[in-house]
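In case you want the letters, here they are:
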Amino acid sequence: MSEVNNQLDTLLHEQRSFPPSEAFAKQANFNDPGVYERALKDPDGYWAEQAENITWFKPYDKVLEWNPPHAKWFVGGKLNAAYNAVDRHRQGPRKNKAAIIWEGEPGDDKVYTYEMLGREVDKAAHMLKNLGVKKGDRVTVYLPMIPELPITLLACAKIGAIHSVVFGGFSAKSLQDRILDGDSDVLITADGGWRRGGIVPLKANADEAVEGTKVRKVVVVQRIGEKSNATMVEGRDVYWHEEMAKAPTTPCPAEEMDAEDILYLLYTSGTTGKPKGIVHTTGGYLVGVNTSMRSVFDLKEEDIFFCTADIGWVTGHTYIVYGPLTAGATVVMYEGAPDFPERDRFWAIVEKYSATILYTAPTSIRTFMKWGPQYAEKHNLDSLRLLGTVGEPINPEAWMWYHEHIGKGRCPIVDTWWQTETGCAMIAPLPGITTTKPGSATRPVPGIDADIVDEQGNSVEPGHGGYLVVKKPWPSMLRTVWGDDDRFKRTYFGQFEGIYLPGDGAHKDEDSYFWILGRIDDVINVSGHRIGTMEVESAIVDHKSVAEAAVIGRSHEVKGQAITAFVTVKEGIETSPELVAQIKQHVVEKIGAMARPEEIIFTAELPKTRSAKIMRRLLRDIAEGRVLGDTTTLADPSVVESLKNQYAHTE
Ligand code: 6R9
């Protein structure tokens, strides 16, 4: 936990606190502090109450069946996620309300009302059926942030197919791994995506990825058109717009799904080289995400919710698609980069659509800080009333900057801790109740029994740190790892019996507030993206000149963490700046740009213990320029001296 202790000093000196304003508290959906106690005493009752906000085709018989570590929520209940996200709103006063306001990077935009969205989802659902997709089939989705992305997810949900979204920044190889693991035979992609005016070659990656898989149909959305050099493979590839034109325009009936039927898979990095397919089911997930819209985000009928995440990550699944839409909200979805064409793009979007809630990542806030407040000052941000952050710990300075320059001192900030595995926000303020402290995600939301414990699993006293754990099941929890239930049990429930271990370290302050300090496993959080050290190491070792590699995350001013790779080359290979560039590029090709090492340090040997374990802690100390800790277990202490000199050299 050396990582954890490093950050503690700064955090422990954080004294500022911000109680909710009277006006905000008065109008908040959740403003009775008694809700925590009630939910803790009777979690099933609390969740049953929340489940009333979801439309069930058939009511459930039982709230929870818990056979640790396997949970079944809303047992026997039948429902459909797309019906809840779209169709039920088409029947009432929200019919002509904006569901999705989409803005393309080049400046094009489009508004879908619930009725319009519903028609598109129906057509896409028919299209998938026409292509032979059936209930339970996995559909892999590799799309840019265009409306066809949420439409595809909802169309899958409508017919009971399981979507598996792969972030557009992932390489062909990563896409292929996920197609193979999910065993899917249909891929939805595009002829490219826009990013800072350039074209992301999604189709070329897709072509490479589907080789050697069972994929029989590739549906291609034309986003780029003429400028794209994507090619179509006869018999396998079809255009989205052509297939949609063939689909009937009649409503597509919503498949009646069991509460525990799988809604989606989403892959996330772990401590081994192989990503885990996190399994989310239908009933519990929808209840969880819908609840957090009303509690943590205080969602109101007239809100315009702008979440800057990509739907390729869980934040987009939950807070662009299923959360806002099941709640009948208007959500803003932006295709591109925050600095295209100028560094004020987010603020221009907030102003243009009068966004009321903004949800973004600490790494973005730190980038905006670096650019300076003048970009936000160019725009009228008066519409904003609530701000949120997610993805990594937010440092108090970034929190204060967000508070002052974006929230103008009047918007509460909800720092939301959660994971792909948890489905929705778990530790976060309720903005009408909780006094916030910059840098703290505050406390578990009602219905979530989280704690910080020591090695033995005992709750730590205020003023101490330990492992973050969740002691009771919750509706939107992962159900298993796709195809590997043992890994699910080992990874998440292996440490403490029946208790969920997220893999984060945390500190409890005198008020029992939680301060999340970051990963305690071999996962690096680069700009809010989880990257496994093993995945990067395998990619580096795969380069023909490399013998061995050790990868660590070091602290980075903007990205939170950056990847440093220590590399030994094969006999007879000369190290050179070209080789550095080659290895970095190799990682990009194997995994994706977000995994590109910040620096490569060549070394004759890696520091290892006498039992041949790489001493990553030492490497991290070297990379962060700290005085080295205990090196007595090191097999060859001279390795460290030479590494230290090397590192000083690269800076
Ligand atoms: C939603 C999401 C999960 C990991 C998680 C933790 C880090 C996320 C955080 C946070 C401190 C927050 N994390 N939110 N750390 N404060 N508010 O990001 O999911 O991509 O699965 O990442 O991100 O380390 O374990 P995911």
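Note that the structure is predicted; figures quoted are calculated from it, not measured.

Basis of the calculations
Residues numbered from 1 in each chain as written. Predicted model: local features only at pLDDT ≥ 70, side-chain atom pairs only at ≥ 80, totals over all residues. Heavy atoms only, no water. Helix = DSSP H or I, 4+ residues; strand = E, 2+ residues; numbered from the N terminus. Rg over C-alpha atoms; globule rule 2.2 N^0.38 Å. Buried < 20%, exposed > 50% of the residue type's maximum accessible area, 1.4 Å probe, protein only. Contact = heavy atoms within 4.5 Å. Areas by Shrake-Rupley, 256 points an atom, 1.4 Å probe, with all protein chains shown as cover. Lys, Arg positive; Asp, Glu negative; His and termini not counted. Charge placed at Lys NZ, Arg CZ, Asp CG, Glu CD. Pairing = 2+ DSSP bridges. Axes fitted to C-alpha atoms, helices over the stretch in contact; angles between N-to-C directions. Phe/Tyr/Trp six-rings, centres within 6.5 Å; stacked < 30°, edge-to-face > 60°. Lys NZ or Arg CZ within 6 Å of the ring centre and 35° of its normal. Near = heavy atom within 4 Å. Polar contact = N/O pair within 3.5 Å; in protein donor to acceptor, adjacent residues only side chain to side chain. Parallel < 35°, antiparallel > 145°, perpendicular 65-115°, else oblique. Left-handed = near helix turned anticlockwise from the far one by under 90°. Nonpolar A, V, L, I, M, F, W, Y, C, P; charged D, E, K, R; others polar. Domains from an automatic or database assignment. Buried area = accessible area lost by both parts, 1.4 Å probe. Salt bridge = Lys/Arg side-chain N within 4 Å of Asp/Glu carboxyl O. pLDDT = per-residue confidence, 0-100.

**A look at the overall build of the chain**
Right, on to step 1. The number of helices and strands found in the chain is 21 helices and 29 strands.
Right, on to step 2. By the compact-globule yardstick of 26 Å for 651 residues, the chain fits well, its C-alpha radius of gyration being 24 Å.
Right, on to step 3. Dimensions of the chain, computed from C-alpha atoms along their principal axes, come out at roughly 75 × 60 × 55 Å.
Right, on to step 4. Counting across all 651 residues of the chain, residues that qualify as buried make up 62%.
Right, on to step 5. Taking the intrachain contacts of the chain between residues at least 6 apart in sequence as the baseline, contacts between residues at least 24 apart amount to 72%.
Right, on to step 6. When the accessible surface of the chain is split by element, carbon and sulfur atoms take 50% of a total near 24600 Å².
Right, on to step 7. Here the chain holds 72 positive side-chain charges and 90 negative ones, and the gap between their average locations is 3 Å.

**A closer look at the sheet that holds strand β11 (residues 217–221)**
Right, on to step 1. The sheet built from 7 strands is open, its strands ordered β12-β11-β8-β6-β7-β14-β15 with mixed pairing. Single-partner strands in this sheet number two, and they are β12 (237–239) and β15 (276–281). Strand-to-strand twist of the sheet, defined as the mean angle between neighbouring strand axes without regard to direction, takes the value 25 degrees.
Right, on to step 2. Looking at chain direction, strand β7 (residues 162–165) and strand β14 (residues 262–268) are connected through 2 bridges and run parallel. When the sheet's bridge partners are listed, S164 is paired in β14 with L265.

**Comments concerning helix α18 (residues 533–541)**
Right, on to step 1. Considered for burial, the residues of α18 that qualify are T533, E535, V536, E537, A539 and I540.
Right, on to step 2. At its buried positions, α18 is contacted by β25 (523–526), β26 (529–532), β27 (546–556), β28 (560–569), α19 (577–590) and α20 (616–623).

**Here's the deal with the packing of aromatic side chains**
A ring pair, where both rings are aromatic, is described by two values, the distance of the centres and the angle of the planes.
Right, on to step 1. All told, the structure shown has 33 aromatic pairs when counted by the stated rule.
Right, on to step 2. Taking the centre distance of 6.2 Å and the plane angle of 85 degrees together, the rings of F167 and F170 count as edge-to-face.
Right, on to step 3. Three or more aromatic residues joined by ring pairs make a cluster, and in this case those are F306, Y334, F346, W347, F368, W371 and Y375.
Right, on to step 4. The positively charged end of R178 is found above the aromatic ring belonging to F170, 4.3 Å away from the centroid.

**Describing the site of the ligand**
Right, on to step 1. By nearness alone, 17 residues border the ligand, and D415, T420, D504, R519 and R530 come closest of all.
Right, on to step 2. Separating a nitrogen atom of the ligand from a backbone N or O atom of P393 is a distance of 3.4 Å.
Right, on to step 3. For the ligand, an oxygen atom lies 2.5 Å from a polar atom in the side chain of T420.
Right, on to step 4. For the ligand, whose unbound accessible area comes to 530 Å², protein coverage reaches 97%.
Right, on to step 5. The set of elements that each furnish at least two residues to the shell around the ligand consists of α12 (314–326) and β24 (514–519).

**Digging into the packing of α18 against α19**
Right, on to step 1. Interhelical geometry of α18 versus α19 gives an angle of 120 degrees and a closest axis separation of 9 Å. By the angle class used here, α18 and α19 are oblique. Between α18 and α19 lies a crossing whose hand is right-handed. Between α18, through V536, A539 and I540, and α19, the contact on the second element is made entirely by I583, H586, V587 and K590.
Right, on to step 2. Grouping the amino acids of the contact of α18 with α19 by side-chain chemistry returns 5 nonpolar, 1 polar and 1 charged.

**Some words on the domain arrangement of the chain**
Right, on to step 1. When the domains of the chain are assigned, the result is domain 1 (22–506) and domain 2 (523–649).
Right, on to step 2. Between domain 1 and domain 2, the C-alpha centre-to-centre distance is 32 Å.
Right, on to step 3. Listed by partner, the interface residues are 23 residues for domain 1 and 21 residues for domain 2.
Right, on to step 4. With both chains or domains summed, domain 1 and domain 2 bury close to 1700 Å², and 49% of this area falls on carbon and sulfur atoms.
Right, on to step 5. Taken together, the connections running from domain 1 to domain 2 amount to 1 salt bridge.
Right, on to step 6. Between R530 and E421 there is a salt bridge whose closest N-O contact spans 2.9 Å.
Right, on to step 7. At the boundary of domain 1 with domain 2, the tally comes to 15 residue pairs in polar contact (both at pLDDT 80 or more).
Right, on to step 8. Listing elements by their share of the side of domain 1 that touches domain 2, those giving two or more residues are α8 (172–182) and α14 (362–371).
Right, on to step 9. Top contributing element to the side of domain 1 that touches domain 2 by residue count: α14, with 4 residues.
Right, on to step 10. Each residue belonging to the side of domain 1 that touches domain 2 can be placed in one class, and the counts come to 4 nonpolar, 14 polar and 5 charged.

**Quick word on the confidence of the model for the chain**
Right, on to step 1. On average, the chain scores 94 in pLDDT, and the residues at 70 or more come to 96%.
Right, on to step 2. If you check the scores for this complex, the pTM reads 0.93 and the ipTM reads 1.00.

**What to know about the pairing of β11**
Right, on to step 1. With 5 of its 5 residues buried, β11 lies for the most part within the structure.
Right, on to step 2. Here β11 shows a buried face lined by K217, V219 and V221 and a second buried face lined by V218 and V220.
Right, on to step 3. As paired elements, strand β8 (residues 186–190) and β11 share 5 bridges and run parallel to each other. Considered in β11, the bridge of L187 is made with V218.
Right, on to step 4. Pairing of β11 with β12 involves 3 bridges; the strand directions are parallel. Opposite V218, over in β12, you have D237 as the bridge partner.

**Considerations on the packing of helix α5 (residues 81–90) against α12**
Helices that pack against each other are described as a pair by the angle of their axes relative to one another and the distance between those axes.
Right, on to step 1. Running from amino to carboxyl end, α5 crosses α12 at an angle of 55 degrees, the nearest separation of the two axes being 8 Å. Considering their axes alone, α5 and α12 lie oblique with respect to each other. Crossing handedness for the pair α5 and α12: left-handed. Here A81, N84, A85, R88 and H89 of α5 come into contact with α12, specifically with Y322, L325 and T326.

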